[in-house]
Amino acid sequence: MWIPTEHEKYGVVLVSFRGTVQHGLPLEIGDTVQILEKCEGWFRGFILKNPNIKGIFPSSYIHLKNAHVKNKGQFETVIPVEDSVITEMTSTLRDWGAMWKQLYVKNEGDLFHRLWHVMNEILDLRRQVLVGHLTHDRMRDVKQHITARLDWGNEQLCLDLVPRREFSMVDPDEISVTELYRLMEHRHRKKETSAPASTHHLFVHVKSLMSTNLGEELEVFFHIYDGRENRPLSERFFVKLNKSGLPKSPEKTERQCTLFVDLGSSDLRKDVYIVVHIIRIGRMGAGEKKNLCSVQYRRPFGCAVVSIADLLTADSKDDHLLKVYACNTESEWYQIHENIIKKANSRYNLSGSNTGLAVALQLLHGDIEQLRREYMVLFTRGVSITRKLGFSDVIMPGEMRNDLYITLEKGEFEKGGKSVARNVEITVYVLDIDGQILKSHVAAGSGEPGGDEYHSLVLYHNNSPRWAEQIKLPIPVDMFRGSHVRFEFRHCSTKDKGEKKLFGYSFVPLMQEDGRTLPDGTHELIIHKCEENTSLADCSRYLKLPFSKANLPSNNQTLKGPKESFWITSFLCSTKLTQNGDMLDLLKWRAHPERINDSLSKLKEIDGSEIVKFLQDTLDTLFGILDESSQRYGLKVFDSLVHIINLLQDSKFQHFKPVMDTYIESHFAGALSYRDLIKVLKWYVDRIVDAEHQDHIQQVLKASEYIFKYIIQSRRLFSLATGGQNEEEFRVCIHELFMSIRFFLSQENKSTSPVAQTQAVFLRTFPAVYSELLKIFSVREVAGFARETLGTLPTAVHADCLEAVKLQCIAKTVESQLYINPESRCILLPVVLRILQAHMQEQRDLVMCARILTSMLSLIQKEENGTAEPVVSEEVELIVESLLGVLLRTILEISNRPQPAGPAMRLQFQDVTGEFVACLLALLRQMSDRHYQQLLQAFSSKDTLRDFLLQIFTVFRILIRPEMFPKDWTVMRLVTNNVIITTVLYLSDALRKNFLNDKFDYKVWDSYFYLSVIFINQPCLQLESFSPSKRKKILEKYGDMRVMMGCEIFSMWQNLGEHKLNFIPAMIGPFLEVTLVPQPDLRNVMIPIFHDMMDWEQRRSGNFKQVEAKLIDKLDSLMSEGKGDETYRELFNSIIPLFGPYPSLLKKIERETWRESGISLIATVTRLMERLLDYRDCMKLGEVDGKKIGCTVSLLNFYKTELNKEEMYIRYIHKLYDLHLKAQNYTEASYTLLLYDELLEWSDRPLREFLNYPMQSEWQRKEYLHLTIVQNFDRGKCWENGIILCRELADQYESFYDYRNLSKMRMMEASLYDKIMDQQRLEPEFFRVGFYGKKFPFFLRNKEFVCRGHDYERLEAFQQRMLNEFPHAIAMQHVNQPDQTIYQADAQYLQIYAVTPIPESQDVLQRDGVPDNIKSFYKFNHIWRFRYDRPFHKGTKDKENEFKSLWVERTTLTLVQSLPGISRWFEVEKRELVEVSPLENAIEVIENKNLQLRTLITQCQSRQMQNINPLTMCLNGVIDAAVNGGLARYQEAFFVKDYIMNHPEDGEKIGRLRELMFEQAHILEYGLAVHEKFVPQDMRPLHKKLVDQFHLMKSSLGIQEFPAYVRASPVHFTNGSPRTCRNSVPNIISPDGGRGVARRSYPAVNRYSSSSLSSQASNEVSNITGQSESSDEVFNMQPSPSTSSLSSNHSASPNVTSSAPSSARGSPQMAEKHKHSRENACLSPRERPVSAIFPNPLDPAQRAPSHQIGDTTLPRSDPNLSAPDKVRPTPSSWSLDSVKEGAPSFSDSFGKLLCPPVPPRPPYSAGSSAKNMRSQSPVTSRSPQKTTVPPFTPSPTECQSTSLVSNSPVLSGSYSSGISSLSRCSVSEASGTELPAGDHPSHPLPPPTTLPNSVSSSSDEPIRRENKTPPPYSVYERNNPRRPVPLPHSLSIPPQADPPALPPKPHQLRTGSMKLDGTSDPRVPRPRPLPRKVSQL
């Protein structure tokens, strides 16, 4: 039986448990569990991190821990009883664990590893704490360490700041809000800024001296030197180096490293240097021989200098190599460092080019104790301390120091009978009172231990040597008296023995008789003469002698001559000894009572450091004098005491205050002093008002704190001694003193008056007196003193400085012990509140006001937890009454004030706001029901209540702002929200009672709703975004505050009644925002409000227009606000449930009378929502990809077509534009921007500032857009489109006579033409992509698109890119349309294959002489339709000849918009599927192969091919078709009787096939002739084989031998194109075999014949399928009897194939398994021709009427008319001979009849019809260079006699096709051809035979998409209907006399639009037109 547990509540899992038993709960080791029940060795409970899942687990797996249970019962929470730091560590590490793994996933390796180390460190420290063996101090350190690490990790992971006190987390409910704010602020500041250290230390580590000429030991001395004052700042650090220049004692690091301590901030400046002197120890001269002398001397070597400022900038760990300089003359040695600093180059030079001292220098900051902790290694390893000369900036009591520094300055010596000057060395000894040498008390510097003596360096031959060597004598204080220093002078001989001979000495005693030490300064010592063997052991003999020139008697025989002297400088740094006689006189006042007056007067002149040394003695002296003769010296002693007290206020001596406090408590014995002190103090206070000079009085008042300390202590001592006598007298004295003080404080003065300043001085010190008075007086008495004193301050004070001081005084009062006591607080509170209120109302000294208020409210909170409830309530009431209103006003005022500029000011500003906010929150949290009732009743009128409510709601809105608190202050934000919601619940009652029905006030209600909405939407309340543990904590503590506020909104809304109409539609947006919060309860509450709003709106206006508009605007703005927010996906998902299956709105609407319009509204919003969701998801991804662009296009179209929201539409145009620019889709970017451009007109209307556009006229904006678009078209190499815009701009400039810009525009246009001709354009590939499955975004789901690939992108690369964009998608391996299971699958399927574009602009592509550069544009731009062919076998497959059953399934895809456009992909609007029969397929295959052969032959002839191999392979593939049998297979399949009998309808097609086969034979023959000419020698055998095979092939086709001249002369191609032939040849290829017909072939002209099936039909027949390198070559081929377009097809990939359409039927290609041809291997994939020249396979019924232009257009070909009816017979002979005889009228008539349609020309070019005519006539080609006509060699099909032509009754093939094909034979204008006026053929053309399936004449316009909605975003669509892409004028033949025409213009109408002509199908819905309100944008 399961029993609820009593004690076993909390445990940790020791062993993982799988939970395989029934109801088992899986556990991981380390999980914490809460236990609910137990039963026979099993527990039931849950894991704390997932409390929703409960289960059972073995009790033996759990380690139980003590725990404290809160809220016993169903919702109990368990808190382990352990150290709070441990609890925090555990929970924090758990949170970090999950985030740490994510760091690895996000590839943030650095933070990942750092956090890992910190987590391990915390775990180690946690173990130490848990073991519990640490000392109290160590435990404190460990906890400090832990919390520092926790805070660091939280900061790095952007977690919340934890408020702590004493390392433990603080519960915000247990402290006041002000206290909480203070803690947070303190931690935030600590994190933000570390206070700059005031003390600094220099670490020096000597590494080595590098020099080439060493060999002697060295001594290196470092010291810090002040270049400004030319004095050393520190003692010297001394290092010994060996002969190699390395430290002598490498094992003793303290001898190589030192710390120069206690540098002040003022010492870190540019003119403070580290100076290094290097001394060598060895021979006198550096170059002397070794054996001369064994005595060693200290001699100068070099000096180095480095500025301390350089170390501030350098990397601290850098080693420095200091340059070493030597002085030019030794006499300058003493100042070499000064010369180096001053850069006096003449006095020193480098001691060697490669001499340098390697040292490590590092500046450390902070006090020495801090350094010991931070650089433990440094101190444990050993480092010597090098001190400053003198005390540091701050002197600490207890510091012991007694160092005497002596500097050997200089000497003056006589020659001593020598011819040269002496080499003088000084030896220094310290001797004690007994004359014994003090051992180890002479130090050359820190680093090396002290020695018994010191030898100076020796300057060579110098009688006036200057050494400037400093030595340190650390003599103990007790040895100072009687000790002296002796200096012995020796001459160092450089002779053989090298002796040192004594010749004199000097000495100096360290202390004088009166106890003063040797005064600091320079002393000139007497040099006493002596012999070299004189013994100085008995010092008593010379100590009686004078030692200094200053105390020299008039005559003394023992002295050397007056010229000999020795100078030293002494400096004592001692905490125990003084050099000051006045100080000694004062301390010995009893010995000389007569000097007391002088001594007291001189005390003020004594240096402070001397006084603090003897502080206790001095104070004893003063009170001793006061006790003995108070009458006489009372005032002077008081003044001296004031001087000493104020001395301790100095920052240098402030640390001595505790010394004085200790003195007062423990050593002070002046029991009677209080009377004199009170008397003198009162005397001073009484004189204040009348005194002229207030300075001294101010000094007295400044010291009043300590004066009161002495008074109170003295009185206590007196009471103790006398049993409390004279108590009343003392109280009276104090009262009188305070009366005097109150009197002088009550004086009103101007701020500049001295009295006002004195008042300020007193107020600063007054609060410090309270604690002293409390030692004797009761709390109420002291509070009375304080209240009366503060109350006497004048209210109308003019002195600003006094006001500030008054507030400081109040602040200190509130923070004092006195105010903490509730008894005194009720006395002081009214005074404090009065002063505070006055300041806050005037907005003065707000920082101080905030501080006071914070302190007051912190105390109230504490009391609440105690017992004094009524007192607290009364205080809260007082504060609310006085300050609540003014506090709200202050917060409003501060928040609206512009922030100050300086960072320091800004911090202060933020502090004030935060503190006032904390005060307000603390106050509101203290308020009870009674307080709120009293507050609301206190308002006299509705208006004041209204103002108050508006004010408090506004303040609450400010508090909710994200910038109110730093980002990581979640704790503070939650407390704020808790207070706000509590207050709002109280205030909503007042709102209901006072502002409803007839008293309704919109403004207050609106403010209330607005506050509620932004409250619910705060980021810090969106619990879904938090970790489970954090969410659980918040819910336990506060619940879900959003739901509470939502219920309150609902309740208030229901109370509104008919006033609801005031909030429609204004509140729709805000309430929608609330419904988007993913909180089901909140949504349940809010949905009825929505329904209500719709209902009221329907009642009022009968529709939802306003609701719809608001909803849509709000949804979009929410989307743009949600950028980067991870939770927004869930937020937006909620809108669909809201309007969809949610059990709510839709159901409610369905019951209403207005349900139809309601449901329609919801449908619209849902569709928008789906698009916005997709947009949101796509935008979260990193790089720009097709998904983002497609999504933006979808949204943009939705706004335009469905919602008609122009501003949103334009915004998304620009978002799309930016995406394109980022992806470098410049062409698409141009088309996108063109959408906005098209909304504007060339008008002067002003447009407002919008997006990034300034305020400007519509004309200016359109001009800017035009220029931007042209620039982008240029970058996208879409120059033709740029030209149109250039022209439009040029027209505008021309109309305004702006010739400067017009010129620029024309130049720009010209440059675009140049680029068209000169620059290479890549031909893009196109791919069809199907997105199937429900997992795709809405705008892609189950749709198919055609995408324009990137440059150089092939199918494989494109497929990979798509799979990268959709990583979860599955690539489909077939090209069949998927079934419904795929459509409905919960997955993503991608189907991708290449497709071939079908260009619209056939005219340009078919014209002769148009350069490829121009054609390439029309092949791949403005493409609406694409084709894809798939081969398959129908019926039984003939294994012998599979061509019999090989059909092609041809799919034509029509897009919604042409490519390129505003996107790289567009949706497929229509699919057309046709099947191509095997016969038609065969026709197409042979046509393609013929085309390929022609192209290769042309390229070969025009030398475009580098080698002849492609032609060889192609010829070989056709002639020797080894795989599929070549043409023979077609003969077997289609020319047999069975086929002809079974397919009578295919008669014409069979004839057509036969024609093509014969044509191929002719081409092959010609090709072989060309091949023979160019074939290399080693391929001759192959060529011979091909010729032989060809003869066999010809005989199989039944072709006889051609005339010899055909073989002999290769065809001459003028301008690279095959031209008309000179002679005719018999045609023996007509279907009848014997009859010849006048027959010409015109490649790629009959675009619309159903037989023109130009496609690579299949790989099975690839042996006769070829692919040319460029489809442009099609038009450079020799004519052939083809009636259809000989076009090449586009590239196909191995698994996704493609081909190019040209017929109304389609032919898909075969899959990979069908590829077994060898022929396709001839060409590499890129050599495949681009089939961009195919026509639109539309029925005749769909064709547009041709664009008629004058009489230059051909009659329309009607399929119902026979050919003779359509085309009148014309001369048919194409021989050049017959041309010469032609009639003069031929040109015009023939041109009028046969010229294909030409685009309209501008008015000025409308000349003669001949200008607009393409030459169809067989004319001579004249080269500009030659007058003779180059010969034309005919095509094999044209080689027939004229007699045959005239006799031939029938044309073999479609006559209509043939006629238009004449255009292909026209003479290129580029070749300079002209049509002679008289040339016309002599023979008429016979009537043609019309093939039944040749349904269109070549005179047809290239067909447009008449049944399509014009693309709204095409560059061709402006204001005009779509029109054909016109043909460049230059392609028509000019009249004879005219010069060549201008270069072609892609489009004719200058001011016309860029739209293509066409009429829209009424069935296709057109977008709603936008209202012309765009002028505002």
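Please read these numbers as outputs of a predicted model, since none were measured by experiment.

Reading the values: the criteria
- Residues numbered from 1 in each chain as written.
- Predicted model: local features only at pLDDT ≥ 70, side-chain atom pairs only at ≥ 80, totals over all residues.
- Heavy atoms only, no water.
- Helix = DSSP H or I, 4+ residues; strand = E, 2+ residues; numbered from the N terminus.
- Buried < 20%, exposed > 50% of the residue type's maximum accessible area, 1.4 Å probe, protein only.
- Contact = heavy atoms within 4.5 Å.
- Pairing = 2+ DSSP bridges.
- Axes fitted to C-alpha atoms, helices over the stretch in contact; angles between N-to-C directions.
- Left-handed = near helix turned anticlockwise from the far one by under 90°.
- Nonpolar A, V, L, I, M, F, W, Y, C, P; charged D, E, K, R; others polar.
- Salt bridge = Lys/Arg side-chain N within 4 Å of Asp/Glu carboxyl O.
- Expected span 1.5 Å × (residues − 1).
- Phe/Tyr/Trp six-rings, centres within 6.5 Å; stacked < 30°, edge-to-face > 60°.
- Lys NZ or Arg CZ within 6 Å of the ring centre and 35° of its normal.
- Polar contact = N/O pair within 3.5 Å; in protein donor to acceptor, adjacent residues only side chain to side chain.
- Core = buried A, V, L, I, M, F, W, Y, C linked by side-chain atoms within 4.5 Å.

1. Some thoughts on the overall build of the protein chain
When you go through the protein chain residue by residue, the secondary structure sums to 63 helices and 40 strands. Among the 1977 residues that make up the protein chain, the fraction classed as buried is 57%. Considering only contacts within the protein chain whose residues lie at least 6 apart along the sequence, 76% involve residues at least 24 apart.

2. Some thoughts on the sheet that holds strand E31 (residues 565-574)
Two modes of strand pairing occur in sheets, parallel and antiparallel, and in both the strands are linked by backbone hydrogen bonds. Reading across from one edge, E26-E23-E31-E29 is the order of the four strands in this open sheet, with antiparallel pairing throughout. If you trace the sheet from one side to the other, it starts and ends with strand E26 (466-473) and strand E29 (521-526), each paired once. Looking at each pair of strands side by side, their axes are set apart by 25° on average, direction ignored. Across six bridges, the pairing between strand E23 (residues 402-412) and E26 is antiparallel.

3. Observations concerning the packing of helix H53 (residues 1509-1519) against helix H56 (residues 1547-1574)
Running from N to C, H53 and H56 point in directions that differ by 140°, and their axes come no closer than 11 Å. You can see that H53 and H56 cross each other, and the crossing is left-handed. Contacts between H53 and H56 involve Leu1511, Thr1512, Leu1515, Val1518 and Ile1519 from the former and Gln1560, Leu1564, Gly1567, Leu1568 and His1571 from the latter. A class-by-class count of the residues in the contact of H53 with H56 yields six nonpolar, four polar and no charged.

4. Quick look at the pairing of strand E5 (residues 50-58)
On a regular strand, each side chain points to the face opposite its neighbour's, so the side chains alternate between the two faces of the sheet. The pairing of strand E4 (residues 42-47) with E5 spans six bridges and is antiparallel. The residue of E5 that forms the bridge with phenylalanine 46 is lysine 54. Here E4 folds back onto E5 in antiparallel fashion, the turn holding two residues.

5. Comments concerning the pattern of salt bridges
Using the criterion set out here, one finds 85 salt bridges in the structure. With a closest N to O distance of 3.6 Å, arginine 347 and glutamate 332 form a salt bridge. Note that arginine 347 is positioned in the loop between helix H6 (336-342) and strand E20 (348-350) and glutamate 332 in the loop between strand E19 (325-327) and H6, a separation of 15 residues in sequence. A relative accessible area of 36% means that arginine 347 is categorised as partly exposed. With relative accessibility at 18%, the residue glutamate 332 sits in the buried group. Where aspartate 1429 meets arginine 1427, a salt bridge forms, and the shortest distance between an N and an O atom there is 3.6 Å. Its relative accessible area of 0% is what places aspartate 1429 among the buried residues. The class for arginine 1427 is buried, based on a relative accessible area of 0%. Salt bridges linked by common partners bring Asp226, Arg228, Arg269 and Asp271 together as one network.

6. Examining helix H43 (residues 1206-1223)
Helix length check: H43 (18 residues) gives 26 Å between terminal C-alpha atoms against 26 Å at 1.5 Å per residue, within 8%. Three or more residues of H43 are buried, namely Glu1206, Met1208, Tyr1209, Ile1210, Tyr1212, Ile1213, His1214, Leu1216, Tyr1217, Leu1219 and His1220. Downstream of H43 by one or two residues, glutamine 1224 has phi in the positive range, about 65°.

7. Notes on the environment of isoleucine 278
Locating isoleucine 278 in the fold gives a position in strand E16 (residues 272-282). For isoleucine 278, a relative accessible area of 0% gives the class buried. Residues isoleucine 278 and leucine 357 lie 79 residues apart in sequence; the distance between their C-alpha atoms is 9.8 Å. With residues up to four places along the chain from it excluded, the contact list for isoleucine 278 reads Leu209, Leu218, Glu219, Val220, Pro300, Phe301, Gly302, Val324 and Trp333.

8. Comments concerning the packing of aromatic side chains
For the structure on display, the rule yields 71 aromatic pairs. Ring centres 6.5 Å apart and planes at 25° place the aromatic pair phenylalanine 1000 and tryptophan 1005 in the stacked group. Centre to centre, the rings of phenylalanine 1327 and phenylalanine 1358 are 4.4 Å apart; their planes meet at 10°, and the pair counts as stacked. Placement of phenylalanine 1327 in strand E34 (residues 1326-1332) and of phenylalanine 1358 in helix H48 (residues 1355-1365) is noted, with a sequence separation of 31 residues between them. For the residue pair phenylalanine 1327 and phenylalanine 1358, the accessibility class agrees, reading buried in each case. The rings of Tyr674, Phe708, Phe718, Phe730, Phe738, Phe744, Phe762, Phe766, Tyr770, Phe777 and Phe785 are connected pair by pair, giving a single aromatic cluster. Between the NZ or CZ atom of arginine 236 and the centre of the ring of phenylalanine 221, over which it lies, the distance is 4.0 Å. Over the ring of phenylalanine 1026 we find lysine 1030, and its NZ or CZ is 4.0 Å from the ring centre.

9. Quick word on the pairing of E31
The buried fraction of E31 is high, at nine of 10 residues. Both E29 and E31 contribute to a ladder of six bridges, which runs antiparallel. Paired with isoleucine 526 across the bridge in E31 is serine 565.

10. Observations regarding the sheet that holds strand E24 (residues 424-431)
Across the sheet, five strands lie side by side as E25-E24-E27-E28-E30; this open sheet has antiparallel pairing. The open sheet terminates on both sides in strands that have one partner only, identified here as strand E25 (453-455) and strand E30 (528-529). Relative to E30, strand E28 (residues 500-509) runs antiparallel, the two sharing two bridges. Looking across to E30, one finds that glycine 504 is bridged to lysine 529.

11. Quick look at unusual backbone geometry
Here the amide bond leading from leucine 1459 into proline 1460 is cis, since omega sits at -5°, within 30 degrees of zero. The backbone of cysteine 158 shows a phi angle near 60°, a positive value even though the residue is not glycine. Among the secondary structure elements, cysteine 158 is positioned in the loop between helix H3 (136-156) and strand E9 (164-165). Phi is positive for histidine 461, which is not a glycine, with a value near 45°. By secondary structure assignment, the location of histidine 461 is in the loop between E25 and E26.

12. Some details on the side chain of threonine 427
For threonine 427, the position within the fold is in strand E24. Polar contacts involving the side chain of threonine 427 include one to the side chain of histidine 455, which spans 3.4 Å. Within polar-contact distance, the side chain of threonine 427 engages the side chain of arginine 490 at 3.4 Å. Setting aside residues no more than four positions away along its own chain, threonine 427 makes contact with Glu453, Tyr454, His455, Arg486, Phe487, Glu488 and Arg490.

13. Some points on the nonpolar core
Grouped together as the largest cluster of nonpolar side chains are 294 residues, with contacts concentrated most on Tyr710, Met856, Phe916, Phe1009 and Phe1071. Looking at which element gives the most residues to this core, the answer is helix H27 (residues 869-896), with 12 residues. Among all residues touching tyrosine 710, those that are not within four sequence positions of it are Leu619, Phe623, Leu641, Ile645, Met660, Tyr663, Ile664, Phe668 and Leu677.

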